[in-house]
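Secondary and tertiary structure notes
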Amino acid sequence: MPLIPPLSEDDLDPELHDLVQFFQVTLGGVPNSVLTMARRPPMARAFVELNKAVMTDYGAVTLEFKRLVGYVSSLSSGCLYCQAHMILASERFGASEERLNSVWEFEKSPHFTEAEKAALAFALAASTVPNAVDAAVAERLRAHWSEDAIAELTGVVSLFGWLNRWNDTMGTPLEELPVSRGEMRLKDATGWSKGKHG
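Predicted, not measured: the structure shown is a model, and the values here were computed from it.

A closer look at the overall build of the protein chain
If you tally the helices and strands in the protein chain, you get 12 helices and 0 strands. Counting from the amino terminus, helix and strand elements in the protein chain follow one another as α-α-α-α-α-α-α-α-α-α-α-α. Counting only C-alpha atoms, the protein chain reaches 50 × 35 × 30 Å along its principal axes. Relative to its full complement of 198 residues, the protein chain shows a buried share of 49%. A separation of at least 24 residues holds for 71% of the contacts in the protein chain among residues at least 6 apart in sequence. Total accessible area on the protein chain stands at roughly 9200 Å², and carbon and sulfur atoms take up 56% of it.

So this is what it looks like as structure tokens:
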């Protein structure tokens with residue numbers, strides 16, 4: 001049972017209702033996390049705008065790879081809600097079957113470049129509490145990515161730091177589409193379940 005239930009889309013003011021439709025493209029529906037934030041509309045608006053700014057394609061980090069970084073960040077933090085959402089979003093943004101089926105073991109996977117492995121290792125370390133980004137992680141990352149790209153990657157990890165904390169605290173109920181992708185892609189490989197998000 002969630003700490004507090006999400007609002008219905010019908011309960012949103014027209015401006016916020018229109019703004020959150022952004023998620024129809026990225027996730028196939030408006031997530032319950034945003035519908036819970038909508039109890040304070042300025043907070044929901046700020047989150048949606050931050051999400052759009054962080055997940056924009058600036059040319060250095062692809063939209064697909066940003067979603068895979070979000071998945072690894074959420075895997076590191078243990079947020080089952082965001083793991084399901086990001087494996088779904090990675091699929092929707094064109095991740096291959098091979099990448100979708102091996103992202104949790106990216107270091108051993110031939111489907112990720114050395115640059116991508118460095119970025120995913122960074123996401124894993126940056127999402128650990130306490131933060132585990134050390135000189136070796138930083139050096140590996142800088143060997144493959146520009147400073148601007150590193151800012152983008154850190155933005156993704158930081159966005160999911162907010163979401164992981166929000167959803168695990170709220171016990172946000174998972175929607176049907178991400179549940180189906182979690183069960184299809186993650187359950188057997190990582191032991192994923194809805195947990196408190198059921």
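Things to note about helix H5 (residues 63–77)
Taking 1.5 Å of rise per residue, the 15 residues of H5 would be expected to cover 21 Å, and the 21 Å separating its terminal C-alpha atoms lies within 8% of that figure. For H5, the tally of buried residues reaches 11 of 15 residues, placing the bulk of the element in the interior. The set of residues buried in H5 consists of Glu64, Phe65, Lys66, Arg67, Leu68, Val69, Gly70, Tyr71, Val72, Ser73 and Ser74. A positive phi of about 90° marks Gly78, the residue just after H5.

Considering the pattern of salt bridges
Throughout the structure, instances matching the rule amount to 11 salt bridges. One salt bridge in this structure joins Glu91 and Arg185, with 2.9 Å as the shortest N-O distance. With Glu91 in helix H6 (residues 80–92) and Arg185 in helix H11 (residues 176–185), the pair connects residues that are 94 residues apart, well separated along the chain. Across the salt bridge formed by Arg140 and Glu107, the nearest N and O atoms sit 2.9 Å from each other. Remark: Glu107 occurs in the loop between helix H7 (97–100) and helix H8 (114–126) and Arg140 occurs in helix H9 (residues 135–142); sequence separation between them is 33 residues. Using a relative accessible area of 28% as the deciding quantity, one classes Arg140 as partly exposed. What emerges from the salt-bridge pattern is a single network uniting Glu91, Glu97, Arg181 and Arg185.

Analysis parameters
Residues numbered from 1 in each chain as written. Predicted model: local features only at pLDDT ≥ 70, side-chain atom pairs only at ≥ 80, totals over all residues. Heavy atoms only, no water. Helix = DSSP H or I, 4+ residues; strand = E, 2+ residues; numbered from the N terminus. Buried < 20%, exposed > 50% of the residue type's maximum accessible area, 1.4 Å probe, protein only. Contact = heavy atoms within 4.5 Å. Areas by Shrake-Rupley, 256 points an atom, 1.4 Å probe, with all protein chains shown as cover. Expected span 1.5 Å × (residues − 1). Salt bridge = Lys/Arg side-chain N within 4 Å of Asp/Glu carboxyl O.

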